[in-house]
Amino acid sequence: MKISSENATKPTWMVGQRQTLQILGTRERLDFFDFYIIPLAKKLKECGVFGVSSDEYLSYAEQNRKEWEQRGEEIVQDMIQKVEEQKNGIMVLG
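For the structure given in this document, a descriptive report is provided here. Please read all numbers here as calculations on a predicted model, not as lab measurements. (Residues numbered from 1 in each chain as written. Predicted model: local features only at pLDDT ≥ 70, side-chain atom pairs only at ≥ 80, totals over all residues. Heavy atoms only, no water.)

Considerations on the overall build of the protein chain
Turning to step 1, where the next piece is worked out: The number of helices and strands found in the protein chain is 4 helices and 0 strands.
Turning to step 2, where the next piece is worked out: Of all 94 residues assigned to the protein chain, the portion counted as buried reaches 22%.
Turning to step 3, where the next piece is worked out: Relative to all contacts within the protein chain whose residues are 6 or more apart in sequence, the contacts with residues 24 or more apart total 57%.
Turning to step 4, where the next piece is worked out: Accessible area for the protein chain stands at about 7100 Å²; split by element, carbon and sulfur atoms hold 56% of it. (Helix = DSSP H or I, 4+ residues; strand = E, 2+ residues; numbered from the N terminus. Buried < 20%, exposed > 50% of the residue type's maximum accessible area, 1.4 Å probe, protein only. Contact = heavy atoms within 4.5 Å. Areas by Shrake-Rupley, 256 points an atom, 1.4 Å probe, with all protein chains shown as cover.)

And the structure:
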């Protein structure tokens, strides 16, 4: 990322946000669920460390993956829009 005087006036968390949000495509986000989140939830269920909550964790992971598959691009575009609005000094509520 190029450092500029424009970036110096932004909060640190905002510098490079648009690029960061766009770097990870839908496939990469789904792969994160498929190869990390869901297998981890399954292992937690198998070892029983969280008792009956483990079933819920696995269910939530699978539901979240499905939502990212269906609405992932929309969610990222909304996040980018909010960052852009904040960059332009527009108050974003909710």
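Some remarks on a nonpolar patch on the surface
Turning to step 1, where the next piece is worked out: Residues Val49, Phe50, Tyr57 and Tyr60 make up a contiguous nonpolar surface patch of roughly 410 Å² in combined accessible area.
Turning to step 2, where the next piece is worked out: Relative to the helices and strands, Tyr60 resides in helix H4 (residues 53-87). (Patch = residues over 30% accessible without salt bridge, like charges linked within 9 Å, V, L, I, M, F, W, Y side chains within 5 Å. Salt bridge = Lys/Arg side-chain N within 4 Å of Asp/Glu carboxyl O.)

Regarding the nonpolar core
Turning to step 1, where the next piece is worked out: Counting residues in hydrophobic clusters, the biggest one holds 5 residues: Phe33, Ile38, Ala41, Leu58 and Ala61.
Turning to step 2, where the next piece is worked out: Of all the elements in the fold, those that place two or more residues in this core are helix H3 (26-47) and H4.
Turning to step 3, where the next piece is worked out: The contact partners of Ala61, leaving out residues within four places of it in the chain, are Phe33, Ile37, Ile38 and Ala41. (Core = buried A, V, L, I, M, F, W, Y, C linked by side-chain atoms within 4.5 Å.)

Some words on the side chain of Ser54
Turning to step 1, where the next piece is worked out: Mapped onto the secondary structure, Ser54 falls in helix H4.
Turning to step 2, where the next piece is worked out: The exposure class of Ser54 is buried, given its relative accessible area of 1%.
Turning to step 3, where the next piece is worked out: Ignoring sequence-local partners within four residues, the contact set of Ser54 consists of Leu44 and Lys45.

Notes on H4
Turning to step 1, where the next piece is worked out: With 35 residues, H4 extends only 40 Å from end C-alpha to end C-alpha; this falls clearly short of the ideal 51 Å at 1.5 Å per step.
Turning to step 2, where the next piece is worked out: At Arg71, H4 shows its maximal kink, close to 75°.
Turning to step 3, where the next piece is worked out: Within the span of H4, buried status applies to Ser54, Leu58, Ala61, Arg65, Gly72, Ile75, Val76, Ile80 and Val83. (Expected span 1.5 Å × (residues − 1). Bend = angle between axes of the 7 residues up to and from the residue.)

Re the packing of aromatic side chains
Turning to step 1, where the next piece is worked out: Considering all chains together, one arrives at 2 aromatic pairs under this definition.
Turning to step 2, where the next piece is worked out: Measuring from ring centre to ring centre gives 5.5 Å for Phe50 and Tyr57, while their planes differ by 80°; the resulting arrangement is edge-to-face.
Turning to step 3, where the next piece is worked out: Relative accessible area serves as the criterion here: at 43%, Phe50 is assigned to the partly exposed category. (Phe/Tyr/Trp six-rings, centres within 6.5 Å; stacked < 30°, edge-to-face > 60°.)

Topic: the packing of H3 against H4
Turning to step 1, where the next piece is worked out: Contact geometry for H3 and H4: axes closest at 9 Å, N-to-C directions at 175°. Considering their axes alone, H3 and H4 lie roughly antiparallel with respect to each other.
Turning to step 2, where the next piece is worked out: Partitioned by chemical class, the residues of the contact of H3 with H4 number 11 nonpolar, 4 polar and 10 charged. (Axes fitted to C-alpha atoms, helices over the stretch in contact; angles between N-to-C directions. Parallel < 35°, antiparallel > 145°, perpendicular 65-115°, else oblique. Nonpolar A, V, L, I, M, F, W, Y, C, P; charged D, E, K, R; others polar.)

Concerning the environment of Glu62
Turning to step 1, where the next piece is worked out: In this structure, Glu62 sits in helix H4.
Turning to step 2, where the next piece is worked out: Exposure remark for Glu62: the relative accessible area of 39% places this residue in the partly exposed category.

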